[in-house]
Amino acid sequence: MIAPGAQASAWDLPTRLFHWALTVLVVFSYVTGKLGGEWMTWHMRSGYTILALIGFRLAWGFVGPAPARFASFLRGPATTLAYLRTLRAGNRPAPAGHNPLGGWNVVLMLALLALQAGTGLFSNDESAHEGPLAAKVSDAMVDRMSAIHGWVQLVLVVVVALHVAAVLFYQLGLRIDVVRSMVAGAPTAPRTVALAAAFAAASAAVVYWLVVLYPKP
Amino acid sequence: MKTVLLALALVATAAIAQAQIKPETQVKLRKSAYSLMNYSFGALDAMAEGKRPYSKDDAVRFADLLQQVSTVPKTMFGEGTDKAGETRAKPEIWTHRADFDTKMNKMIDEVANLAQVARSGDQAALKRAVHETDNACNACHDEYRTKRQ
């Protein structure tokens, strides 16, 4: 068993900031989407920010510190299943960083959120609000994108619920303080933070171009 | 007197619409009305949100168009229009008619208010009126229109 202190050393500051910013924005997007109407302006801004965050996380998955890299936590099906069996046997495996199952969950959530934010750009609410790229495609495409946006939202609710359930299971069932490790985390060199800021800025610039500059008539 | 005549004319128009227009045509007409409402209201919302430069003249023009068309759908949900041609109107409209009519009238009232507010040239008030109208529109969409598949 690895002590919570060792667990806590996995996440660099940018990864933690990314995680909690995403958490807040996903909840905010869900609520504003349900409220609709005047909240759609904020719903869309939230979506753009999520898109920029995902862009950053993808880059960070290649250039960030080892535990944040995809190559370090994406395992084959055999390893993932073996990990699942360890859990079922009642062990308390606590690899620093993502466990094999959690690693795939990261990819799943990033993919679903990218799909959700991406389809949102082409969606409308059939009242007064439409994504910045809706005017660039046919009405049939807008309807299709809007429908997908509606379905993925349901899938995301399930996936997020599973994620929270898994965290509660580690926290309360296995007594591994995974929440703390996502809060306290590893000491991060200023150079790493600067690199992250550069990639986040680049990602934000790409999204800004996509949702503001490119759609301008 | 004028009001009474106007009321009579409106009732008569509604009665004529229900009685004479084929269900298929009613569906076509209400969808056309909604398209124009979407066009005019979309422009007003863009103005309210600062995505389109504000102009009082434009606001009045779009609000007037919106108001003129806003009373059309109410008269086009007659008998047999639940499955005449392609429509996303839910059958609940005809089983919860009183509630549907209340929501429809609320939208018509909000649009009428919006048209008045547009004349005032008060941008903050316009924004509020746009939001109220948006909510009134969505109230019906959420309950009485099937989602896109």
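Please read all numbers here as calculations on a predicted model, not as lab measurements.

Student: What is the right way to look at the overall build of chain A in this model?
Tutor: Counting secondary structure elements, chain A contains nine helices and zero strands. In chain A, the succession of α and β elements from N to C terminus is α-α-α-α-α-α-α-α-α. Over its C-alpha atoms chain A spans a radius of gyration of 19 Å, differing by no more than 12% from the 17 Å that the globule rule assigns to 217 residues. Overall, chain A is about 60 × 40 × 30 Å in size when its C-alpha atoms are taken along their principal axes. Burial status across chain A gives 40% buried among its 217 residues. Counting contacts in chain A only where the partners sit at least 6 residues apart, residues at least 24 apart contribute 72% of the total.

Student: Is there a simple way to think about the overall build of chain B in this case?
Tutor: What chain B contains, in helices and strands, is six helices and zero strands. Listing each helix as α and each strand as β along chain B from the N terminus yields α-α-α-α-α-α. Burial statistics for chain B: of 149 residues in total, 38% are counted as buried. Pairs at least 24 residues apart make up 72% of the contacts formed inside chain B by residues separated by at least 6 positions.

Student: Mind showing me how you'd approach helix α2 (residues 13-35) of chain A here?
Tutor: Residues spaced three or four apart along an α-helix point in a common direction, a consequence of the helix completing one turn every 3.6 residues. Residues and elements named next belong to chain A. With 23 residues, α2 should reach 33 Å at 1.5 Å per residue; the first-to-last C-alpha distance of 33 Å fits that figure. If you check which residues of α2 are buried, you get P14, T15, R16, F18, L22, L25, S29 and T32. Those residues of α2 hidden inside the fold are in contact with α3 (40-63), α6 (100-121), α8 (178-183) and α9 (190-213). Positioned one or two residues after α2, G36 has a phi angle of 65 degrees, which is positive.

Student: I keep staring at unusual backbone geometry and nothing clicks. Help me out?
Tutor: Residues apart from glycine generally show negative phi values, whereas peptide bonds are mostly found in trans. Residue and element names in this part refer to chain A. Positioned with a positive phi, E126 is a non-glycine residue whose angle comes to about 55 degrees. You will see that R175, though not glycine, has its phi angle at about 55 degrees, which is positive. Summarising the element assignment, R175 is placed in the loop between α7 (139-173) and α8.

Student: Would you mind showing me how to read the environment of P77 of chain A here?
Tutor: Here P77 of chain A is to be found in helix α5 (residues 77-88). Spatially, the C-alpha atoms of P77 of chain A and E130 of chain A are 40 Å apart, while their sequence positions differ by 53 residues.

Student: Would you explain the interface of chain A and chain B in this entry?
Tutor: Taken together, the contact between chain A and chain B spans 15 residues of the former and 16 residues of the latter. Overall, the association of chain A and chain B removes approximately 1300 Å² of surface from exposure, summing both partners, and the carbon and sulfur fraction of that is 37%. When the area that chain A buries against chain B is broken down by residue, the three leading residues are E38, E126 and S127 of chain A, summing to 45%. Here chain A is connected to chain B by four salt bridges. Notably, a salt bridge pairs D143 of chain A with R148 of chain B, separated by 2.9 Å at the nearest N-O pair. Counting the contacts that link chain A with chain B gives 11 residue pairs in polar contact (both at pLDDT 80 or more). At the level of elements, α3 and α7 of chain A are the ones that each hand at least two residues to the side of chain A that touches chain B. It is α7 of chain A that contributes the most residues to the side of chain A that touches chain B, five residues altogether. Among the residues making up the side of chain A that touches chain B, the classes are represented as five nonpolar, six polar and four charged.

Student: Could you clarify how one ought to interpret the nonpolar core in this entry?
Tutor: Proteins that are soluble and globular tend to have nonpolar side chains buried together. Within the largest apolar cluster, 34 residues are counted, with the highest numbers of intra-cluster contacts made by L44, L66, F100, M107, L114, L126 and V130 of chain B. Broken down by secondary-structure element, the contributors of at least two residues to this core are α2 (23-48), α3 (56-70), α5 (97-120) and α6 (123-144) of chain B. Element by element, the count of residues in this core is highest for α5 of chain B, at nine residues. Not counting the four nearest positions on each side in its chain, V130 of chain B is found in contact with F41, L44, D45, A48 and L114 of chain B. By size, the runner-up hydrophobic cluster in this structure holds 20 residues, among which are I54, F56, L110 and A196 of chain A.

Student: Could you clarify how one ought to interpret the confidence of the model for chain B in this entry?
Tutor: In low-pLDDT segments, the atomic positions of the prediction should not be examined closely. Of the residues in chain B, 87% reach a pLDDT of 70 or more, and the chain-wide mean stands at 90. This complex was scored by the predictor with a pTM of 0.86 and an ipTM of 0.77.

Student: How do you make sense of the packing of aromatic side chains when you look at a structure like this?
Tutor: The description of two aromatic rings rests on the distance between their centres and on the angle between their planes. Within the structure shown, the criterion is met by 10 aromatic pairs over all chains. Each ring, one from F18 of chain A and one from F56 of chain A, has its centre 6.3 Å from the other, and the planes form 50 degrees; the classification is tilted. With a gap of 38 residues between them, F18 of chain A in helix α2 and F56 of chain A in helix α3 connect regions that are remote in the sequence. Since its relative accessible area comes to 8%, F18 of chain A is described here as buried. Measuring from ring centre to ring centre gives 5.4 Å for F100 of chain B and Y144 of chain B, while their planes differ by 90 degrees; the resulting arrangement is edge-to-face. Remark: Y144 of chain B occurs in helix α6 and F100 of chain B occurs in helix α5; sequence separation between them is 44 residues. Both residues of the pair, F100 of chain B and Y144 of chain B, belong to the buried class. One aromatic cluster in this structure is built from F77, W94, F100 and Y144 of chain B. Above the plane of the ring of F62 of chain B lies R61 of chain B, whose end atom (NZ or CZ) is 4.8 Å from the centre.

Cut-offs applied
- Residues numbered from 1 in each chain as written.
- Chains lettered and ligands numbered in written order.
- Predicted model: local features only at pLDDT ≥ 70, side-chain atom pairs only at ≥ 80, totals over all residues.
- Heavy atoms only, no water.
- Helix = DSSP H or I, 4+ residues; strand = E, 2+ residues; numbered from the N terminus.
- Rg over C-alpha atoms; globule rule 2.2 N^0.38 Å.
- Buried < 20%, exposed > 50% of the residue type's maximum accessible area, 1.4 Å probe, protein only.
- Contact = heavy atoms within 4.5 Å.
- Expected span 1.5 Å × (residues − 1).
- Buried area = accessible area lost by both parts, 1.4 Å probe.
- Salt bridge = Lys/Arg side-chain N within 4 Å of Asp/Glu carboxyl O.
- Polar contact = N/O pair within 3.5 Å; in protein donor to acceptor, adjacent residues only side chain to side chain.
- Nonpolar A, V, L, I, M, F, W, Y, C, P; charged D, E, K, R; others polar.
- Core = buried A, V, L, I, M, F, W, Y, C linked by side-chain atoms within 4.5 Å.
- pLDDT = per-residue confidence, 0-100.
- Phe/Tyr/Trp six-rings, centres within 6.5 Å; stacked < 30°, edge-to-face > 60°.
- Lys NZ or Arg CZ within 6 Å of the ring centre and 35° of its normal.

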